[in-house]
Amino acid sequence: MAIDTDDDIKPPLKERLSAQMSKLGNDIQGSQAWSSIFRPGSIFRKGYTDSPRNRSYVIMNSVMYHLHPVKVKRHAVKVSYTLCLGGLTFFLFILLTITGIFLMFFYRPTAAAAWDDIYTLQTSVTFGLLVRNMHRWAAHLMVLTVFLHMARVFYHGAYKPPREFNWVIGVILLTLTLLLSFTGYLLPWDQLALWAVTVGTNMMGYTPVFGDQVRFVLLGGFDIGTDTLLRWYVLHVLMLPFVAVIFMAIHFWRVRKDGGISGPL
Amino acid sequence: MVEVPEHLRKRAEEARAKAEAAKAAAPGGDAAASDEPETTEAQAATTPDSGDAASKIPAHLLERSRAAKAAAAGQADAPAAAAPAAAPAAAAAASAATGPGGHTQRLLTVVKSGSIQDVKSMPQDKVHVWPHLLVVEFAAALFITAFSTIFSIFVNAPLLELANFNETPNPSKAPWYFLGLQELLTMFHPMVAGVTIPGIGIFLLILAPYIDKNPSNKPEDRKFAISLMTIHLMFWAVLVMIGSFFRGPGFNFVFPWEAGLFFEL
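How each quantity is defined
- Residues numbered from 1 in each chain as written.
- Chains lettered and ligands numbered in written order.
- Predicted model: local features only at pLDDT ≥ 70, side-chain atom pairs only at ≥ 80, totals over all residues.
- Heavy atoms only, no water.
- Helix = DSSP H or I, 4+ residues; strand = E, 2+ residues; numbered from the N terminus.
- Rg over C-alpha atoms; globule rule 2.2 N^0.38 Å.
- Buried < 20%, exposed > 50% of the residue type's maximum accessible area, 1.4 Å probe, protein only.
- Contact = heavy atoms within 4.5 Å.
- Areas by Shrake-Rupley, 256 points an atom, 1.4 Å probe, with all protein chains shown as cover.
- Domains from an automatic or database assignment.
- Expected span 1.5 Å × (residues − 1).
- Buried area = accessible area lost by both parts, 1.4 Å probe.
- Salt bridge = Lys/Arg side-chain N within 4 Å of Asp/Glu carboxyl O.
- Polar contact = N/O pair within 3.5 Å; in protein donor to acceptor, adjacent residues only side chain to side chain.
- Nonpolar A, V, L, I, M, F, W, Y, C, P; charged D, E, K, R; others polar.
- Pairing = 2+ DSSP bridges.

**A short note on the overall build of chain A**
A tally of regular secondary structure across chain A gives 11 helices and 1 strand. Listing every helix and strand of chain A by position from the N terminus yields α-α-α-β-α-α-α-α-α-α-α-α. In summary, chain A has a C-alpha radius of gyration of 27 Å against a globular reference of 18 Å for 265 residues, an excess of more than 25%. With the principal axes as the frame, chain A shows a C-alpha extent of 100 × 55 × 30 Å. A burial count over chain A gives 45% of its 265 residues as buried. Across chain A, contacts joining residues at least 24 apart in sequence account for 64% of those joining residues at least 6 apart.

**Quick notes on the overall build of chain B**
Each helix and strand in chain B was counted, giving 12 helices and 1 strand. Each helix and strand of chain B, ordered N terminal to C terminal, gives the series α-α-α-α-α-α-α-β-α-α-α-α-α. Within chain B, the proportion of its 265 residues that are buried is 24%. Counting contacts in chain B only where the partners sit at least 6 residues apart, residues at least 24 apart contribute 57% of the total. Entry remark: accessible area of chain B is about 18300 Å², with carbon and sulfur atoms responsible for 66%.

**Regarding the side chain of B:S244**
All names here are of chain B. Mapped onto the secondary structure, S244 falls in helix α11 (residues 223-245). A relative accessible area of 3% places S244 in the buried class. When near neighbours in sequence (up to four residues on either side) are disregarded, S244 contacts K173, W176, L179, F262 and F263.

**Regarding the domain arrangement of chain A**
One can read the domain layout of chain A as domain 1 (13-67) and domain 2 (74-257). Taken over C-alpha atoms, the centre of domain 1 of chain A sits 40 Å from the centre of domain 2 of chain A.

**Topic: helix α9 (residues 191-204) of chain A**
Its 14 residues give α9(A) an end-to-end C-alpha distance of 20 Å, which sits within 8% of 20 Å, the value for a rise of 1.5 Å per residue. Counting buried residues along α9(A), 12 of its 14 residues qualify, which places the element largely inside the surrounding structure. Inspection of α9(A) places A:Q191, A:L192, A:A193, A:L194, A:W195, A:A196, A:V197, A:T198, A:V199, A:G200, A:T201 and A:M203 among the buried residues, and these make up the whole buried set. Buried residues along α9(A) sit against α7 (128-155), α8 (164-186), α10 (211-219) and α11 (226-257) of chain A together with α9 (179-185) and α10 (190-211) of chain B.

**Considering helix α5 (residues 85-104) of chain A**
Its 20 residues give α5(A) an end-to-end C-alpha distance of 28 Å, which sits within 8% of 28 Å, the value for a rise of 1.5 Å per residue. Every buried residue of α5(A) is accounted for by A:L85, A:L88, A:T89, A:L92, A:F93, A:L95, A:L96, A:T99, A:G100 and A:L103. Buried residues belonging to α5(A) abut α4 (79-82), α6 (114-124), α7, α8 and α11 of chain A together with α8 (129-154) of chain B.

**Some words on the interface of chain A and chain B**
Every contact between the two is made by 74 residues of chain A and, on the other side, 78 residues of chain B. Overall, the association of chain A and chain B removes approximately 7200 Å² of surface from exposure, summing both partners, and the carbon and sulfur fraction of that is 72%. Among the residues of chain A in contact with chain B, A:R55, A:R74 and A:W137 are the three that bury the most area, contributing 11% of the side total. For the pair chain A and chain B, the number of links is 3 salt bridges. Counting the contacts that link chain A with chain B gives 35 residue pairs in polar contact (both at pLDDT 80 or more). In terms of residue class, the side of chain A that touches chain B is made up of 52 nonpolar, 12 polar and 10 charged. By the bridge criterion, 3 bridges tie strand β1 (residues 71-73) of chain A to strand β1 (residues 126-128) of chain B in an arrangement that is antiparallel. From the neighbouring strand, A:K71 faces β1(B), where its bridge partner is B:H128.

**Section: the environment of A:L96**
All names here are of chain A. Here L96 is to be found in helix α5. Separated by 43 residues in sequence, L96 and A139 have C-alpha atoms that sit 6.9 Å apart. Apart from residues no more than four positions distant in its own chain, L96 is found in contact with H135, A138, A139 and M142.

**Describing the pattern of salt bridges**
Under the counting rule described, the total for this entry stands at 9 salt bridges over all chains. Two residues, A:R55 and A:D50, come together in a salt bridge whose shortest N-O distance is 2.8 Å. For A:D50, a relative accessible area of 37% gives the class partly exposed. Across the pair B:R247 and B:E183 runs a salt bridge whose closest N-O atoms are separated by 2.6 Å. Here B:R247, found in the loop between α11 and α12 (256-259), pairs with B:E183, found in helix α9; they are 64 residues apart in sequence, far enough to count as distant. Side by side, B:R247 and B:E183 carry an identical accessibility label, which is buried. A cluster of three or more residues bridged by salt bridges with shared partners is formed by A:D50, A:R55 and B:R11.

And the structure:
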């Protein structure tokens, strides 16, 4: 029993290990749990091959089917046509949601605490400054991409029948984006925020007939104060994103219902 | 001419070659197999001698069919006492249903698809969303994430001193996307600049697809619409730029290269 090593014809450890590993991988991929998570067509499923059938299943059997059809017109995937502006806008919205949730953990919307919270976030929270920067710049970028997306759609005549109504929803989304950006502008409660919002709300106070009421509702009082901050905070983090998400869902759904993106020029 | 990607063309060629090889290997094989259970004794007698078609039937299939027939004949003899009429009746029916030359169906007429079906959409050149569109979208998402992250590492979002109601900064500016409106404020009554003009602007924008009845989306057919939109966009772009960079203390006109920048994002 003692002499067991010299003429042992076991393959070297490295090979045995890699064989074990590939067997393990095979077992995991073959398990019921795995194949219940990764539906047919998933690139992680056992035996995935790049076939037209699987290319269709990738979309049909995943949540992507809510957003994309299985096939699109060939010209629709040309970046030079859309410049990806609508998609970038949507992605910036997601990025803003993620960074915004992070910021919410460190922020209290009261006149006494807001500025200090932002300052502490920047100086004492890990990645706090970076995430706030990202939120700020992504917000400005989103206003820009929404504008450019609108211009792109107009110059391609993509608002024409059958896409008229989707253009209307798009304009609503444009104003929602501006409102989202504007309500967020007040939240740092610094001199820039206060006076920019003062200028903006003074302008809205000139709405004919019920201008004073509009201003009162927006400010939660006669002047900008802690009530305004709370009001704009709720608008910014909850109400406007909620409304925007609904309109976005309709917007994307209409893109597909109206036959995909507009044809080549 | 549609561009076919190199790897797809190769794959199609391989598939075609494989299909042809398969066709050459087993012609009539399927037919023999499907006919097998129904062949009457008379037809079976002629099969082995019937020239080309029969010679292509693989030997093992012929053998199997012969064995099956032998078994059937044996069976037909055995239960003959129990159901004497059944087997001959079935054979007679089968031979009556086949026409001359053993055909079991005949062509009545050819109906072209256009005469019954109303073809509303022509087949289009389409590509799979996976991978063609999703890869582009993923790249765009990566790009915008990388861009905002890197930009945020190097450029900090502004945080001025705590909001102070007793100290109005000079100049006080709205967020950049409202600076066009603030610029209008220098020319018009606040109600006109802050409510009427942007209100009418957004209203017209929403109505664009219902006003513009021109069905074409070709730029050469839409010179008026394109000119109008370009003027409109340029109007706001110029106003925003003047408001952003050319307005100094007291919102008076300055040159940024002389007086410096009065602009915070």
